[in-house]
Amino acid sequence: MKPLKIALVTTYPPSKGSLNEYAYHLVQQMKHKDEIGEIVILSDQIGQDESFKEENGRIQVRFRETWKFNSLFNLWNILKAIRQEKPDIVLYNLQFLTFGDKKIQATLGLFAPFLTRLMGVVSVALLHNITETVDLESAGITKNPLLKKFYALTGTILTRIILGANLVAVTIPKYVKILEDKYKADNVALIPHGSFELPAMPDFDTVNKTKKVMTFGKFGTYKLVEPMIEAVEIVRQRTDLEIEAVIAGTDSPNRKGYLDGVKEQYSHVKGLRFTGYVEEEDVPVIFGESDVCVFPYSSTTGSSGVLHQAGSYGKAAILPNIGDLKALVEEEGYNGAFFKPGDVEDLADAIEELLTNDDKRNTIARQNYSAAAGLPMSDIVDWYLIHFTILTQRKRNRKSMGQKLREVGTAVSFSPRKALRRAS
């Protein structure tokens, strides 16, 4: 079979947009697969020249700056690029606010997978979250009860539109069940999130004099760092441990200025470090230096890329006992010390337990590393390729069948005339 040309609609480093890390690691594995002949990334505008090519793979990766966050023209520009590129598959790396945090702009962009299919191009949407499992209040979207109902209805409509793609992939089994039961969808596939990369097994027995408690992500909505800072202060008071609290990441798009406010509020706290945005090449350093990775979440909006990263680098996790994150932990074999969301004392107990118990911390770290090793991104790409092959083969079969039907129709239409000529 001819190698596939893949178009990937996504944010991509150096863009700092949501899901850029997932796209980066997905492409790093895709470009080594024999089944793929070309990858063109239809990226958000990142100031990168269109002629830029990413090397170090079996194939080159080409970029086209195609869309811009909160632009009204994203849908048009994406479909125009697809028409020009003529890919075999278009893969959309999506969450509901991928194309904007303004209602119209965000909504218009989500029509792209369905319209791509109508153009006759195989369309696959990787949907990282679904509205049925998102706490709109804790996610910073709205507290108003009427608006919650409106957003739920809007989310249902948008989900049906996204399901207009040839295939919708989700990362959690629970999502498959919801989409099949509520929407009667028959084009949903489970493709696990996977681990971004798997470095060499770390030395789990290393004991650092200064313990580093790290959290990583985009903060300010359902990811709040104040509980972690206060919990670390409690542990300091209880023990003689030297602890550094590391806040790695940036504000959530819905809470700009949040971390600056936290810095000011806790300026008196010693051993508190804010890294700002972490470039891809610095991620191994941030995780490698930490002793534990804390997830100070009040809710979740899907699978956690940070949990998979923590596993890849062999780190013990301190996790809230909630929703999708708990399901992911159980289903994919991860583990951690659990705490009640919003309970600072309980979070302090979990941090203290792992910092003072080297054996337990190392046991959890080893288990998380093993879980990450069980689902590397290279395997996840193979899952995608299985679906890509099936979808493109179906398209070819439909074309072949259509051609045969046209031939049969032509023969039938000419048969009476031939009969008349013979009769005459």
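Let me sum up the structure you'll find in this document. (Residues numbered from 1 in each chain as written. Predicted model: local features only at pLDDT ≥ 70, side-chain atom pairs only at ≥ 80, totals over all residues. Heavy atoms only, no water.)

### Here we look at unusual backbone geometry
Item 1. Note the cis peptide between Pro13 and Pro14, where omega equals 15°.
Item 2. Mapped onto the secondary structure, Pro14 falls in the loop between strand E1 (4–10) and helix H1 (20–30).
Item 3. Positive phi outside glycine occurs at Lys86, with the angle close to 55°.
Item 4. Positionally, Lys86 belongs in the loop between helix H2 (74–85) and strand E5 (89–94).
Item 5. Its identity is not glycine, yet Lys184 carries a phi of approximately 55°, on the positive side.
Item 6. Here Lys184 is to be found in the loop between helix H6 (173–183) and strand E8 (188–190). (Helix = DSSP H or I, 4+ residues; strand = E, 2+ residues; numbered from the N terminus.)

### With respect to a nonpolar patch on the surface
Item 1. A cluster of nonpolar side chains, Leu72, Phe73, Ile104 and Leu108, forms an exposed patch at the surface whose accessible area comes to about 400 Å².
Item 2. The topology assignment puts Leu72 in the loop between strand E4 (61–67) and H2. (Patch = residues over 30% accessible without salt bridge, like charges linked within 9 Å, V, L, I, M, F, W, Y side chains within 5 Å. Areas by Shrake-Rupley, 256 points an atom, 1.4 Å probe, with all protein chains shown as cover. Salt bridge = Lys/Arg side-chain N within 4 Å of Asp/Glu carboxyl O.)

### Description of the sheet that holds strand E13 (residues 316–320)
Item 1. Ordered in space as E11-E10-E9-E12-E13-E14, the six strands form an open sheet in which the pairing is parallel. Bordering the open sheet on either side are strand E11 (272–276) and strand E14 (336–339), each of which pairs with just one other strand. Across the sheet, the mean angle from the axis of one strand to that of its neighbour is 25°, orientation sign disregarded.
Item 2. Strands in contact with helix H7 (residues 226–238) are strand E9 (210–219), strand E10 (242–251), E11 and strand E12 (292–294); relative to E10, the strand with the most contacts, it is inclined by about 175°. (Pairing = 2+ DSSP bridges. Axes fitted to C-alpha atoms, helices over the stretch in contact; angles between N-to-C directions. Contact = heavy atoms within 4.5 Å.)

### Some points on the pairing of E1
Along a regular strand, successive side chains alternate from one face of the sheet to the other.
Item 1. Buried residues dominate E1, accounting for seven of its seven residues.
Item 2. Every second residue of E1 is oriented toward a common face, with Leu4, Ile6, Leu8 and Thr10 on one face and Lys5, Ala7 and Val9 on the other, all of them buried.
Item 3. Note that E1 and strand E2 (residues 36–44) share seven bridges and pair parallel. Residue pairing in the sheet places Ala7 in a bridge with Val40 of E2.
Item 4. Remark: the E1/H1/E2 crossover connection has right-handed handedness.
Item 5. Taken together, the four bridges between E1 and E5 define a ladder with parallel strand orientation. Residue Ala7 lies in a different strand from E5, and its bridge partner there is Val90. (Buried < 20%, exposed > 50% of the residue type's maximum accessible area, 1.4 Å probe, protein only. Right-handed = clockwise from strand over helix to strand, strands pointing away.)

### Let's talk about the pairing of strand E7 (residues 167–170)
Item 1. The alternating pattern of E7 places Leu167 and Ala169 on one face and Val168 and Val170 on the opposite face, and all of these are buried.
Item 2. Where strand E6 (residues 122–127) meets E7, three bridges bridge the pair, whose relative direction is parallel. When the sheet's bridge partners are listed, Leu126 is paired in E7 with Ala169.

### Some points on the side chain of His25
Item 1. Tracing the backbone shows His25 in helix H1.
Item 2. Not counting residues within four places of it along the chain, the set of residues in contact with His25 comprises Phe196, Glu197, Glu280 and Met377.

### Some details on the environment of Gly17
Item 1. Here Gly17 lies in the loop between E1 and H1.
Item 2. Counting along the chain gives 81 residues from Gly17 to Thr98, while the straight-line C-alpha distance between them is 8.0 Å.
Item 3. Setting aside residues no more than four positions away along its own chain, Gly17 makes contact with Thr11 and Lys218.

### Some thoughts on the packing of aromatic side chains
Two measures describe an aromatic ring pair: the distance that separates the ring centres and the angle between the ring planes.
Item 1. According to the stated counting rule, one finds nine aromatic pairs in the structure shown.
Item 2. Judged by centre distance (5.4 Å) and plane angle (15°), the ring pair of Phe287 and Tyr313 falls under stacked. Here Phe287, found in helix H9 (residues 283–289), pairs with Tyr313, found in the loop between helix H10 (305–312) and E13; they are 26 residues apart in sequence, far enough to count as distant. With respect to class, Phe287 is no different from Tyr313; both count as buried.
Item 3. For the pair Phe295 and Tyr297, a centre-to-centre distance of 5.6 Å together with 80° between the ring planes defines the contact as edge-to-face. Tyr297 matches Phe295 in its accessibility class, with the two residues each being buried.
Item 4. Grouping aromatic residues by their ring pairs yields a cluster made of Tyr12, Tyr24 and Phe63.
Item 5. Cation over ring: Lys16 sits above Tyr277, and NZ or CZ is 4.8 Å from the ring centre.
Item 6. Seen from the ring of Trp76, Arg83 lies directly overhead, with NZ or CZ sitting 5.9 Å from the centre. (Phe/Tyr/Trp six-rings, centres within 6.5 Å; stacked < 30°, edge-to-face > 60°. Lys NZ or Arg CZ within 6 Å of the ring centre and 35° of its normal.)

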